[in-house]
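An overview of the molecular structure
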Amino acid sequence: MAVGIFDSGLGGLTVHQAVAGALPEVAFVYYGDNAHAPYGVRDADDIYALTCRGVERLWDEGCDLVILACNTASAAALRRMQDAWVPADKRVLGVFVPLIEALTERHWGDNSPPREVAVKHVALFATPATVASRAFQRELAFRAIGVDVEAQPCGGVVDAIEAGDEILAEALVRSHVEALKRRMPHPQAAVLGCTHYPLLAAVFQEALGPGVRVYSQADLVAESLRDYLARRPEFRGPGQVAKFLTTGDPARVSSKATQFLRRGIAFQAA
Ligand code: DGL
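Calculation notes
Residues numbered from 1 in each chain as written. Predicted model: local features only at pLDDT ≥ 70, side-chain atom pairs only at ≥ 80, totals over all residues. Heavy atoms only, no water. Phe/Tyr/Trp six-rings, centres within 6.5 Å; stacked < 30°, edge-to-face > 60°. Helix = DSSP H or I, 4+ residues; strand = E, 2+ residues; numbered from the N terminus. Buried < 20%, exposed > 50% of the residue type's maximum accessible area, 1.4 Å probe, protein only. Lys NZ or Arg CZ within 6 Å of the ring centre and 35° of its normal. Near = heavy atom within 4 Å. Polar contact = N/O pair within 3.5 Å; in protein donor to acceptor, adjacent residues only side chain to side chain. Areas by Shrake-Rupley, 256 points an atom, 1.4 Å probe, with all protein chains shown as cover. Nonpolar A, V, L, I, M, F, W, Y, C, P; charged D, E, K, R; others polar. Pairing = 2+ DSSP bridges. Axes fitted to C-alpha atoms, helices over the stretch in contact; angles between N-to-C directions. Contact = heavy atoms within 4.5 Å.

With that out of the way, let us pick up the packing of aromatic side chains. Summed over the entire model, instances satisfying the criterion amount to 10 aromatic pairs. On the numbers, 5.9 Å between centres and 80° between planes, the contact of Y30 with F267 is edge-to-face. Taken together, the positions of Y30 in strand β2 (residues 27-32) and F267 in strand β12 (residues 267-269) put the pair 237 residues apart, joining distant regions of the chain. As far as burial versus exposure is concerned, Y30 and F267 are alike and both buried. Ring geometry for Y197 against F204: centres 5.6 Å apart, planes inclined by 35°, an arrangement best described as tilted. Pairwise contacts between aromatic rings join F6, Y31 and Y39 into one cluster. Over the ring of Y48 we find R80, and its NZ or CZ is 3.8 Å from the ring centre.

Our focus in this paragraph is the site of the ligand. Residues in contact with the ligand amount to 13 residues; listed here are only the nearest, S8, Y39, G40, T72 and T195. At 2.9 Å from an oxygen atom of the ligand is found a main-chain nitrogen or oxygen belonging to N71. Within the contact set of the ligand, a nitrogen atom lies 2.8 Å away from a side-chain nitrogen or oxygen of T195. For the ligand, the protein covers 99% of the area, taking 290 Å² as the surface of the free molecule. Of the residues that constitute the shell around the ligand, the class distribution is five nonpolar, seven polar and one charged.

Attention now moves to the sheet that holds strand β3 (residues 65-68). The strand order β4-β3-β1-β2-β11-β12 describes an open sheet built from six strands, whose pairing is parallel. Pairing within the sheet leaves two strands with one partner each, and these edge strands are β4 (91-93) and β12. Along the sheet, successive strands turn relative to each other by an average axial angle of 25°, direction set aside. Of the strand pairs in this sheet, β2 and strand β11 (residues 243-246) are connected by four bridges, and their pairing is parallel. Counterpart to Y30 in the pairing with β11 is F244. In this fold helix α11 (residues 218-231) packs onto β1 (2-7), β2, β3 and β4, with an angle of close to 160° to the strand it touches most, β3.

Here we come to the environment of G193. Mapped onto the fold, G193 is located in the loop between β9 (189-192) and α10 (201-208). Judged by its relative accessible area of 1%, G193 falls in the buried class. Taking the C-alpha atoms as reference points, G193 and I145, 48 residues apart in sequence, are found 20 Å from one another. Beyond its immediate sequence surroundings of up to four residues, G193 is in contact with N71, L124, F125, A126 and T130.

Following this line, the structure appears as structure tokens:
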């Protein structure tokens, strides 16, 4: 049984780590489009074309179900893929819905009309492309009413993390949190809407203050994938071999991934 995990680069490894830990019986095939990262500054057509290419590669590996671990791809390409491109015997799922279900206290498959929820003021931190897509607000509006969302495009953070510059990444996070707080002084919840940001969750939490609940996606996605495979066993793809694929230079990407997750990871060419 194999499931694909797509990301623009290394960030999706935070999701891979959580899903592989929660579902040890599944062979996960990871595809990082490192040659074209970051996606966060690309336009929607470009993100769509690159994401379709990566997903097709994962289908070739026997992964009938592919998770778009990348928020930017989920926000800018997923709806278009699901509407007109994904064949009936395959599935592509994103990372927004599990997060929004947690935020709005809904269970999987609860399609009841939008209702009032406890949280009223939500800060969203994401890449410029994710913020521009307004996908988070759209998905939230299907499920909740009366929630005020203030979104902060966090330019530079992904590049600083990918470059291994933790000091710059932390400084940028603090300045993005400050910028958001000037527009929304008292958020009740904060969403880390990019795969890279969980690596800086403690910095976000400290800058936001102890009263703000910080949601990050990896564990929520793992839980929701477990549920999904139990309900839809036909999408446990025929692949058997877990692997890490990259469109970038495998040696370079493996060394960065090892630094990123602090354990040995060997990528091969996609
Ligand atoms: N993985 C992307 C995301 O979650 C961030 C990196 C990028 O910009 O490519 O939004």
